[in-house]
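Now for the letters of each chain:
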Amino acid sequence: MTPSAKQIVTTLNLVYFALPVVMAGFALFVYVRIYLGEAMPPVDADFESLLQILVIATVPAGLSISYIAFKAVLKGINPELPLTSKLQRYQSAVLIRAAGFEMPGMFAAVAAFITNNTAFLLFTAVIIVLFLLFRPTSSAITNDLQLTATERSELEA
């Protein structure tokens, strides 16, 4: 049985929001670990500087690559397809974009874990905010897929 448009959107939202929840959970774990002052071996200052540069570079690179990949997948969605087929392809596009967001966010949290430097967690927080801003809402889906009024009403039903 083919899933309905509403089921596809619900599944998309569940999977989409699982990504930032896991990232936020790990970032919270790292923050608490640092705050409680658990003993960690000292980190070389040069290595920490290298991680800072890598985090600063991976955030815009990851966001850019994910945006380009998202738009490329959207271009490949034929407007003549039925709504459920469009939504299934859109789901793939959104998850590709989300993966591009998650990689730099998790990398920043791992850098904070390794270095005991909470400043890295600011990058993770920014990524989590971006996850919330780019969530797949009905209006975003309608705009991205350029849905007709009939398709939009079917989407919202």
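Located above this text is the structure these notes cover.
Quick caveat: nothing in here was measured; it's all calculated off a predicted structure.

Engineer: Explanation requested: the overall build of the chain in the structure shown.
Structural biologist: Regarding its fold elements, the chain presents six helices and zero strands. In the chain, the succession of α and β elements from N to C terminus is α-α-α-α-α-α. In summary, the chain has a C-alpha radius of gyration of 19 Å against a globular reference of 15 Å for 157 residues, an excess of more than 25%. By its C-alpha atoms, the chain is 60 × 25 × 25 Å across when sized along the principal axes. Counting only residues that meet the buried cut, the chain has 34% of its 157 residues in that class. Sequence separation of at least 24 residues holds for 80% of the intrachain contacts in the chain that already meet a minimum separation of 6. Carbon and sulfur atoms make up 68% of the accessible area of the chain, which totals about 8,800 Å². The distance from the centre of the 9 positive side-chain charges to the centre of the 10 negative ones in the chain is 11 Å.

Engineer: How should I be thinking about the side chain of Arg97 in this particular structure?
Structural biologist: Checked against the element boundaries, Arg97 lands in helix H3 (residues 83–115). No salt bridge is formed by the buried Arg97; the nearest opposite charge belongs to Asp144, separated by 4.7 Å. Beyond its immediate chain neighbours, meaning those up to four positions away, Arg97 contacts Ser66, Phe70 and Phe134.

Engineer: Help me out: how do you make sense of the environment of Ile114 in this one?
Structural biologist: Along the chain, Ile114 turns up in helix H3. The spatial distance from the C-alpha of Ile114 to the C-alpha of Ser4 is 45 Å, given a sequence separation of 110 residues. Residue contacts for Ile114: discarding those within four places in its chain leaves Met40, Val43, Phe47 and Leu51.

Thresholds applied
- Counting restarts for each chain, with residues numbered from 1 along the sequence as it is written.
- In view of the model being predicted, local features appear only for residues whose pLDDT reaches at least 70, and side-chain atom pairs are presented and counted only at 80 or more, with totals across whole chains, interfaces and linings using the full set of residues.
- Each side-chain value is derived from all of the structure's non-hydrogen atoms; neither hydrogens nor water enter the calculation.
- A run of DSSP states H or I qualifies as a helix once it reaches four residues; a run of E qualifies as a strand once it reaches two. Both are numbered from the N-terminal end.
- The globule rule is 2.2 Å times the number of residues to the power 0.38, and the radius of gyration it is compared with is taken over C-alpha atoms.
- Exposure classes here rest on a 1.4 Å probe applied to the protein chains alone. A residue is buried below 20% of its type maximum, exposed above 50%, and partly exposed in between.
- Residues are treated as being in contact if the distance between any of their heavy atoms lies within 4.5 Å.
- The Shrake-Rupley method, run with a 1.4 Å probe sphere, supplies the accessible areas, and residue values consider only the shown protein chains as cover.
- His residues and chain termini do not enter the charge count, which takes Lys and Arg as positive and Asp and Glu as negative.
- Here the site of a charge means atom NZ of a Lys, CZ of an Arg, CG of an Asp or CD of a Glu.
- The salt bridge definition used is simple: a Lys or Arg side-chain nitrogen within 4 Å of an Asp or Glu carboxyl oxygen.

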